[in-house]
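Residue-level structural notes
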Amino acid sequence: MEEENRPRTSFSLLFYRAVRDLKPVWMLEDMRTMETFYQEEDASQRIYSPSEALLYAIVHDHQAYAQYLLSRYTDEALAKPGERFCCCPSSAPHLAMAVRYDRRCILSLILQETHRISSTPSYTDRAECFHNEDGRTPLHLACELLRPEAVIMLLGNGASPHAQDHSGLTPLDVILEKLRDSAEVSGGERRQCLDNLLMFMPKVHFKMKGALDREPERWAKVLGEETYKYLAGRSPAPLVLTAMQTILKQLSPATFPDSLHELPIPSSLKPPCLLLSQRDRQRVV
C-alpha cells in the first residue's frame, strides 16, 4: 500500500512546487489533468480540481493561472474544494484566502466572476470557513487583518456591511475593536477600513453601540467628535459622507471599481486607498 501511494504523493508535491515557482499555465494544466498517477478505476478524475488549483494559485500569487482557472472553469473554480481543503459547503475559502494573503489582483478577478454565479447566500457574504466556526465573512476577515483595499473591493462588489458572525458582531464591530485597542490616535489603516465601511452603510447597525454610550470621552478621542456623534446616534451623518453614500448606491457592483474611478468627482473625494493601480491590473491581463 505504501508503494502504491508514493507516486501520487510525490506528484502532489511536484504540482504544488510548480505553482509556487510560477510555471507557465499550460504546464500546470498538463500536470493538473494528468491521469498517470491514478489507479485504473479513478482514471476519469483529475489530480486537483480547478477549485483546489485556484487555492494554490492564490497562496503563491500566480495571477495568470488564477485568471485562466476563473475564466475557463468559473463555476468549478469557485465551487467547494475537496475535503482535504475545506469541509463546509457554504463557505467562500477562495475569497478568504485572497484576503488573508493580500492578493488584491486575484481578489479582483474572483469578485468579477462572482457576479456570474447565482447563489444563496450571496457568494461574498458566505462565511470564510477554513474550518472556523465563528461565522465570519471575508469582509469580517478584511477588517480583522486591516486590509482597507480588500474592504472596499468586497463592499463595492456587493458584500453586506451588516453581516453578523455567530456572536452578532458586524464588520463595523470588528474594526471598532481594532480602533479601541490601537495606540494610534489617527488609526491609520484602521481608520481607512472604518471610513470605507461607513461609505457603504447609509443605516448604521452594530453591536458595540452600547460601549460608545458608556465611554463617550474615550470614543470621541478614538473616532473624532464628528464620527463619534454619528455612530452614537447623536447627530446625522456628515454631509460629505452622505453624498458619497448616495453616489455609491448608484454604482453597479458588476462594474466596480472601474465605475468608481470614472466618477466625475475630484480624486480627493474618492477612497484614499483605492484599489489596484492601473499597472497592477495590467499585470493579469
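Residues numbered from 1 in each chain as written. Predicted model: local features only at pLDDT ≥ 70, side-chain atom pairs only at ≥ 80, totals over all residues. Heavy atoms only, no water.

1. Here's the deal with the overall build of the protein chain
As a reminder, the rule being used: Only DSSP runs of H or I reaching four residues or more are called helices, and only runs of E reaching two or more are called strands; each is numbered from the N terminus. Relative accessibility decides the category of a residue: with a 1.4 Å probe and only protein chains considered, values under 20% of the type maximum give buried, values over 50% give exposed, and everything between is partly exposed. Contacts are residue-level and defined by heavy atoms, with any inter-residue pair within 4.5 Å sufficient. For the area figures, the Shrake-Rupley method with a 1.4 Å probe applies, and any residue is considered shielded solely by the protein chains shown.
Scanning the protein chain from terminus to terminus reveals 17 helices and 0 strands. Buried residues in the protein chain amount to 48% of all 285 residues. Across the protein chain, every contact between residues at least 6 apart in sequence was considered, and the portion connecting residues at least 24 apart equals 65%. Per element, the accessible surface of the protein chain, about 14500 Å² overall, is 50% carbon and sulfur.

2. Re the UniProt feature "repeat: ANK" (unreviewed entry) in the protein chain
Let me state the cut-off plainly: UniProt positions are given in the numbering used here, feature names are shortened, and annotations may be inferred rather than shown by experiment.
Here the UniProt feature "repeat: ANK" (unreviewed entry) sits at residues 134–166. Each end of residues 134–166 is marked by a C-alpha atom, and these two atoms are 5 Å apart; helix forms 48% of the span and strand 0%.

3. Section: helix α2 (residues 25–32)
Our working definition: Summarising the geometry, the arc corresponds to the directions from the helix axis toward the C-beta atoms.
Taken as a whole, α2 has its buried residues at Val25, Leu28, Glu29, Met31 and Arg32. An end-on view of α2 places all buried positions within 160° of arc, on one side of the element.

4. Structural notes on the nonpolar core
Quick reminder of the rule: In this text, buried Ala, Val, Leu, Ile, Met, Phe, Trp, Tyr and Cys residues form a nonpolar core when linked through side-chain atoms within 4.5 Å.
Formed by 78 residues in total, the largest nonpolar core has its most connected members in Leu176 and Leu223. Of the residues forming this core, the biggest block, 7 residues, is contributed by helix α3 (residues 50–59). Beyond its immediate chain neighbours, meaning those up to four positions away, Leu176 contacts Phe206, Met208, Leu212, Trp219, Leu223 and Leu231.

5. Quick notes on the pattern of salt bridges
Heads up, the condition is: Any carboxyl oxygen of Asp or Glu within 4 Å of a side-chain nitrogen of Lys or Arg constitutes a salt bridge here.
Tallied over the entire structure, the rule returns 12 salt bridges. For Asp102, the salt bridge identified is with Arg104, shortest N-O distance 3.3 Å. For Asp102, a relative accessible area of 29% translates into the label partly exposed. The partly exposed category is assigned to Arg104, whose relative accessible area is 30%. A salt bridge links Arg136 to Asp165; its shortest N-O distance comes to 3.2 Å. With Arg136 in the loop between α7 (104–114) and α8 (138–144) and Asp165 in the loop between α9 (148–156) and α10 (171–180), this residue pair connects regions lying 29 residues apart in the sequence. The exposure class assigned to Asp165 is buried, which follows from its relative accessible area of 8%. A single network of salt bridges, built from pairs that share partners, joins Arg136, Glu144, Asp165 and Lys178.

6. Points about the side chain of Arg32
Spelled out, the test is: Under this definition, polar contacts are N or O atom pairs within 3.5 Å; protein pairs additionally need one hydrogen-donor-capable and one acceptor-capable atom, and for neighbouring residues in sequence, both atoms have to be side-chain atoms.
Relative to the assigned elements, Arg32 resides in helix α2. The class of Arg32 is buried, set by a relative accessible area of 0%. Within polar-contact distance, the side chain of Arg32 engages the backbone oxygen of Tyr48 at 2.9 Å.

7. Examining the packing of α7 against α9
Our working rule: Axis angles are defined between N-to-C directions and span 0 to 180 degrees, where every axis is a line fitted to C-alpha atoms and, for a helix, only to the segment in contact. By definition in this entry, angles of less than 35 degrees are roughly parallel, angles greater than 145 are roughly antiparallel, angles of 65 to 115 are roughly perpendicular, and the rest are oblique. Any residue outside Ala, Val, Leu, Ile, Met, Phe, Trp, Tyr, Cys, Pro, Asp, Glu, Lys and Arg is labelled polar, Gly included; the first ten of those are nonpolar and the last four are charged.
Axis separation between α7 and α9 bottoms out at 11 Å; the angle between their running directions is 10°. Our classification of the angle between α7 and α9 gives roughly parallel. Residue-level contacts link Arg104, Leu107, Ser108 and Leu111 of α7 to Glu149, Ala150, Met153 and Leu154 of α9. The residue makeup of the contact of α7 with α9, split by class, is 5 nonpolar, 1 polar and 2 charged.

8. Details of the packing of α10 against helix α11 (residues 189–199)
Heads up, the rule is: Crossings are assigned a handedness: left-handed for a near helix turned anticlockwise from the far helix by less than a right angle, right-handed for a clockwise turn.
Packing of α10 against α11 leaves a shortest axis separation of 9 Å and a crossing angle of 155°. Comparing the axis directions of α10 and α11 gives the class roughly antiparallel. For the element pair α10 and α11, the recorded crossing hand is left-handed. On the side of α10, the interface is formed by Pro171, Leu172, Ile175, Lys178 and Leu179, while α11 contributes Arg190, Arg191, Cys193, Leu194 and Leu197. Partitioned by chemical class, the residues of the contact of α10 with α11 number 7 nonpolar, no polar and 3 charged.

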